[in-house]
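# Architecture and fold: a report
Chain by chain, the residues:
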There are 2 protein chains.
Amino acid sequence: MAGGKKKEVKKETGLGLSFKKEENFGEWYSEVVVNGEMIEYYDISGCYILRPWAMSIWEIMQVFFDAEIKKMKIKNCYFPLFVSSSVLEKEKDHIEGFAPEVAWVTKSGKSDLEIPIAIRPTSETVMYPYFSKWIRGHRDLPLKLNQWCNVVRWEFSNPTPFIRSREFLWQEGHTAFATKQEADEEVLQILELYRRIYEEFLAIPVIKGKKSEMEKFAGGLYTTSVEAFIPNTGRGIQGATSHCLGQNFAKMFEINFENEKGERGMAWQNSWAYSTRTIGVMVMVHGDDKGLVLPPKVSSVQVIVVPVPFKDANTQGIFDACAATVDTLCGAGIRAEADYRENYSPGWKYSHWEMKGVPLRIEIGPKDLANNQVRAVRRDSAAKVDISCDSLLEKVKDMLDDIQKSMFDAAKQKRDACIQVAKTWDEFKEALSQRKMILAPWCDEEEVEKDVKDRTRGEMGAAKSLCSPFDQPELPEGNRTPSYFMSWSLFSLLLLLVLHALLLESQQKSGPTGEGVTRLSALAAIFLNFHIV
Amino acid sequence: MAGGKKKEVKKETGLGLSFKKEENFGEWYSEVVVNGEMIEYYDISGCYILRPWAMSIWEIMQVFFDAEIKKMKIKNCYFPLFVSSSVLEKEKDHIEGFAPEVAWVTKSGKSDLEIPIAIRPTSETVMYPYFSKWIRGHRDLPLKLNQWCNVVRWEFSNPTPFIRSREFLWQEGHTAFATKQEADEEVLQILELYRRIYEEFLAIPVIKGKKSEMEKFAGGLYTTSVEAFIPNTGRGIQGATSHCLGQNFAKMFEINFENEKGERGMAWQNSWAYSTRTIGVMVMVHGDDKGLVLPPKVSSVQVIVVPVPFKDANTQGIFDACAATVDTLCGAGIRAEADYRENYSPGWKYSHWEMKGVPLRIEIGPKDLANNQVRAVRRDSAAKVDISCDSLLEKVKDMLDDIQKSMFDAAKQKRDACIQVAKTWDEFKEALSQRKMILAPWCDEEEVEKDVKDRTRGEMGAAKSLCSPFDQPELPEGNRTPSYFMSWSLFSLLLLLVLHALLLESQQKSGPTGEGVTRLSALAAIFLNFHIV
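What you see is a predicted model, and the numbers here were worked out from it, not measured in a lab.

The rules we used
Residues numbered from 1 in each chain as written. Chains lettered and ligands numbered in written order. Predicted model: local features only at pLDDT ≥ 70, side-chain atom pairs only at ≥ 80, totals over all residues. Heavy atoms only, no water. Axes fitted to C-alpha atoms, helices over the stretch in contact; angles between N-to-C directions. Helix = DSSP H or I, 4+ residues; strand = E, 2+ residues; numbered from the N terminus. Parallel < 35°, antiparallel > 145°, perpendicular 65-115°, else oblique. Left-handed = near helix turned anticlockwise from the far one by under 90°. Contact = heavy atoms within 4.5 Å. Nonpolar A, V, L, I, M, F, W, Y, C, P; charged D, E, K, R; others polar. Pairing = 2+ DSSP bridges. Buried area = accessible area lost by both parts, 1.4 Å probe. Salt bridge = Lys/Arg side-chain N within 4 Å of Asp/Glu carboxyl O. pLDDT = per-residue confidence, 0-100. Buried < 20%, exposed > 50% of the residue type's maximum accessible area, 1.4 Å probe, protein only. Phe/Tyr/Trp six-rings, centres within 6.5 Å; stacked < 30°, edge-to-face > 60°.

Attention now goes to the packing of helix α2 (residues 52-71) of chain A against helix α8 (residues 277-286) of chain A. The relative placement of two packed helices comes down to the angle between their axes together with the axis-to-axis distance. All names here are of chain A. Between α2 and α8, the least distance of the axes is 10 Å, while the angle of their chain directions is 115°. When the axis of α2 is compared with that of α8, the two are roughly perpendicular. Classified by chirality, the crossing of α8 by α2 is right-handed. Along its contact with α2, which presents A54, I57, W58 and M61, the element α8 presents T278, I279 and M282. Across the contact of α2 with α8, the residue classes tally to six nonpolar, one polar and no charged.

Take a look at the structure:
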C-alpha cells in the first residue's frame, strides 16, 4: 500500500464532460449519467443498465418508503409480469391509453403461443380481478397491497435514461376501502411520503396538488401529484402520483362487499406509484459541469477520503490517517471510503469523485498529518475547510447536514425564481415565452385547457396544466380573463407541454427495434402524464 | 371490541384441507399453498400470485442474504429484462439449453418489432458484454454484481407454485476475478450462505456438494449446490447453485484485463442464484394435514394471540390482556399479533392460524386471566403449556427458538432416514425401489451416468446424480461394481430423476397458452437442473 516507490500515474483523458449544462442540457445529461457511472447504455434502444451507483440510491429510498408503508399496514406482494389480453382490455379508457405501448409475447422457443400475452405496463387490470375474489365482507377491507417491480412501456419517442425508458423499476400501491373518506386520507398520506422522498432525500422542492380534469388518470376519480421543475429546460416534471380511483374500477371488476348492515357496497380504490424517474430528476436538478452532485442522504458514499502523499513525505503515516478517518466516520454510521489506488494521482481522484458527485471529500497530506487535521471539500459549493482530527466526527456530521440543506435551499431558490404569477392572458403569454412555471387562475374545465393548449402551441410544445397546488395564494381581484380562466376558484400551475419530447437524441445507440411509430392522441398524452408517475 | 352482546359467529366450511400429505402429496401441496394464503392461481398457466404471506418470507430471507453479500463487497445493480437474440445466442451451449423456453416479444401495440426480443431466462449473456467493457486492468477486478429480479422460462410441463413457474423471483450474482483461487473461494462462501438460508431460516437440512460432469452447468467449469430432499415423494430437489464458470464465458465475451506485469489475462467468473423455489421446498418439507408449518425465523407472524371470551366472563379484561401480551412481545422484537375478529369463534381462529402455519398460538380465556397466565400452543408439535405472565417474554423466546430447532431436527431425522448407502448394484436398485436417496461410490464419468440412467428408467423416472457431498464418508472396501462406479474416489448421492415431472396437475387452471409442446433432450435436462437453481 505504502512505500516511496515511484508509481506509474495514469493521466486518463476524457474524465471531464464535453458538454455544459447551460449550453446543451440534453447532451450534458446523457454524458453525466454515463460518466458518473449510474447508467450504461444498452444494445436495445430505450433500455438502460442501472449500475450500482444508481441502484444504491434507489435502495436507500426504497428502505425509507417500504418502512413507512409497512407502518400504514400496507403489505408487499408480487403479481405476474404477464397479463392476458381479455383482462387487460376490461377497462376501456385504461387500455385505450396503454394500448400503443404494450409489449406482446407471441412466441416461446419456436412455437407460437395460442394467444398473445401482454407484459404489464401497470397492474390495475392484473390485480383487480383478485381484489374482487378476496373482498367479500367489510371485514376484508381495507385491502392494502404494494409491489416493487419492473414494468414495460414500449415508447418510441426520445428515450431518456431514468426519465423515459421502456422498462423501469417502481413501486405500485393498490388499495381498497369501504369508504371514500378512508381512500381520500390515504391518497394524501402517500403523497406526503412522495414529497418527503423528493424534499428530504433528493433535496428537490416539489409542489403538491391536484391534477386538472384533463390531466388526471383516465378512469380515476382524481389524481394528486408532486411536481418538480427543471430550470434549465423550463419544463415541469411529474414526480409521482397518488390517485383516488373512486369506484369506477370496482364497478368494472365487481369489487363488492357486504357492509355491517348486510347491504351491498362497492369498494373505493386508490393506486399510487413512484419510479426510478426520481433519480433522473435528481441528476437534472443538482448536477453541474463537473458531474453529478448527490445529496448526502442518498449517496452510497457520503465521504471519500483521498491520501495526498508527497515525495519524501511519511506516506505510510498518511495512509494510516486515512484509514483511521474512515474508521471513525463509518463507526458513527457515516458512509465513508478511502481511495488508495496508487496508479491515479490525487488530482485525478478529485475529478473522479466529483464526477460521481460524492458530497464531501477529505484530503490528507503531509501538512495535515503534521497539524493533526484533515482538509474537507464540499462538492456542492467547492468550499474548503480544515478540520482538526479531534472534532472530525462532529464537523463532518454538521457539514453533511448542511450540504443536504443547502442543496435543497439552492434548488428551491432557483425553482421559485421560475414561478411567475400571471393574471392576464398577456402576462401568461409573456411568462410562457420566458419558460416560466406559471401560477394562474384556473377554472379546471377540459375545453378551456384544450383551448389554452391550442393557442400556446409552438416550437417548444404547448402549455399544459401541472396541478392546482394545495397551498393556494389568495385569489386576485380584477384582470379576469374569462375566456381562459372561467372560474377563479383555484390557482393552477401551467407550463410547457412535451416534457416527453425532451432531451437526448445522442448517445442513444440505435437498437434492433423501436423505430417508426408515431402517435400522440390526447388520451395517450394523459396516459403518459399519469403513468410515468 | 368488547361487550357481552351476542355476535353472529360464522361457521365457514372448507377451512381444512381435503387431501392428506401422505396420501396425495400433489393435491395436498396445491391446496395448502392456496388455503394458507401464500399463492393465488392466476389466469395464465404457470404464473402465480405471491400473496403477502409468501412475500414476507421472501423478504426476510432477502434482508439476510443482501446484508451478507454486501459485507462481501458485492453490489446490487439492475440489467434489462430484454435481451437481443444476437447476444443471447453468443454462447452456443448456453442458448441450446434455454432456447425452447425463451419467451419472445414480437409486437408493441399493433406494430411488429423489426427483430424479436427475448425475455431473460437468466442474465449471463445480458451482463457479460458489459463486463467486457468495464474490465480493462487488474484494478477493475474483482467485479462483483448481484441483482434481485424476475426471470421467465416458458416451461410446458407441470407447472407447480414456487417450484416450477414460468416467471419467478430470484437473485443472480455475477462476479469476475483475476485468479481462479479467488473465484473458488467465493463459490464456497456463497454456497455457505445458501446452506444458512435453508438450515438456519427454513429449518431444512441440505447437503453441500459438487455436481457431476453431466449435471453441472453447461459451459461452466464446475457447479456446487445445496440439495434438499422431500421424503414424501422420495425426490431430491436442488436448493440453490453456486457455479464457477471458469474462463469459458470470458473467452466468448472477451473479458480480458492487463495484469500487474502488463500481460493480458482472462477473467475467472462465477454465477450463483437462489429463487422463490426455497419457499416451495419449505412448504413441502414442513407442512402437515392442518396446513402450513412455518419456521419462526421466516414467519411474518411468529405469535398469534387469540382471545377466548366466555359468556358472562370479563371480555374487556381478556381483550386488554391480549393487547398487553402483543405489546410485550412486539416490544422485544417478536412479531406478534392478536386476532380480535368478533364474527369468528376461537375454534375457527385456531384452525385459520394453523392453516397459515403460525409457529405459536397464545390463548387467553377467563381462567388464564384469573391465574395471570396465558396458554401457549405450538404449531409444530401441538404441545400446550401454561405460561405465567411474569415470565412471558423469556418463555416465548425460548419456545420460538425451540420450535425452530425442533423443526430442523425433525426434518433432518426424516431426511437421514431416507439416505441409504449402497455398495453393490443390487443394493443400489433395492434402495431406489424404496425411494431412498442413495450414497454410492461414484466415478463421475458422463457415459456411466447415462448408463445408470438408462438402466434405472421406470415409471417414476430414472436415477440422477445429485452431488458429490463435500462431507465424504470413508471409502468402503470391496464390493466394487466397476461397470457403474468406475472410480472410488468420491461418494455421490444418486436418486430418481424427474423431479420436474413432479406433482400437481390439479388446481391448475388452463390458461390461454402453453399447451402441447413436449421436449426433453439431455441438454434441456441439464439446463433445468441448473437454471431453476
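Our focus in this paragraph is the sheet that holds strand β4 (residues 82-84) of chain A. Read across the sheet, six strands follow the order β4(A)-β6(A)-β5(A)-β5(B)-β6(B)-β4(B) without closing on themselves; strand pairing throughout is antiparallel. The sheet is open, and its two borders are formed by β4 of chain A together with β4 (82-84) of chain B, each paired with just one other strand. Along the sheet, successive strands turn relative to each other by an average axial angle of 50°, direction set aside. In terms of strand pairing, strand β5 (residues 103-108) of chain B meets strand β6 (residues 111-119) of chain B through four bridges, oriented antiparallel. The partner of B:K107 across the bridge, within β6(B), is B:D112.

Before going further, it helps to spend a moment on the sheet that holds strand β16 (residues 336-338) of chain B. All names here are of chain B. If you trace the five strands from one edge of the open sheet to the other, you get β16-β15-β17-β18-β19, paired in mixed fashion. Strands with a single pairing partner mark the edges of an open sheet, and in this sheet they are β16 and β19 (384-388). Each adjacent strand pair in this sheet contributes to an overall mean axis angle of 25°, direction not counted. Pairing of strand β18 (residues 373-378) with β19 involves five bridges; the strand directions are antiparallel. For V377, the partnering residue across the bridge sits in β19 and is K384.

Counting residues at the interface gives 59 residues for chain A and 59 residues for chain B. Note on chain A versus chain B: buried area summed over both sides is about 5,400 Å², and carbon and sulfur give 61% of it. The largest per-residue losses of area from chain A upon contact with chain B belong to A:Y42, A:Y78 and A:F82, which jointly make up 12% of the total buried on that side. For the pair chain A and chain B, the interface holds four salt bridges. With a shortest N-O distance of 2.6 Å, B:E40 and A:K133 are connected by a salt bridge. When the residues that make up the side of chain A that touches chain B are grouped by side-chain class, the tally is 37 nonpolar, nine polar and 13 charged.

Residues and elements named next belong to chain A. The share of residues in chain A with pLDDT of 70 or more is 86%, and the mean pLDDT across the chain is 85. pLDDT under 50 marks residues 1-13. Its contacts with residues more than four places away, or in other chains, come to 18 contacts. Across residues 495-533, where pLDDT falls below 50, the model places 142 contacts with residues more than four positions away in sequence or in other chains. This prediction of the complex comes with two scores: 0.89 for pTM and 0.89 for ipTM.

This part covers the pairing of strand β14 (residues 268-275) of chain A. All names here are of chain A. Counting buried residues along β14, eight of its eight residues qualify, which places the element largely inside the surrounding structure. With burial as the criterion, each face of β14 is covered, one bearing W268, N270, W272 and Y274 and the other bearing Q269, S271, A273 and S275. The sheet contact formed by strand β11 (residues 235-246) and β14 spans five bridges and is antiparallel. Bridging from a neighbouring strand, G246 pairs with Q269 of β14.

Attention shifts here to the packing of aromatic side chains. Residues and elements named next belong to chain A. Taken as a whole, this structure holds 50 aromatic pairs over all chains when the rule is applied. Aromatic side chains F319 and Y340 sit 5.4 Å apart centroid to centroid with 20° between the ring planes, which places their arrangement in the stacked category. Placement of the pair is F319 in helix α9 (residues 315-331) and Y340 in the loop between β16 (336-338) and α10 (346-355), with a sequence separation of 21 residues. Residue F319 is classed as buried on the basis of its relative accessible area, which comes to 7%.

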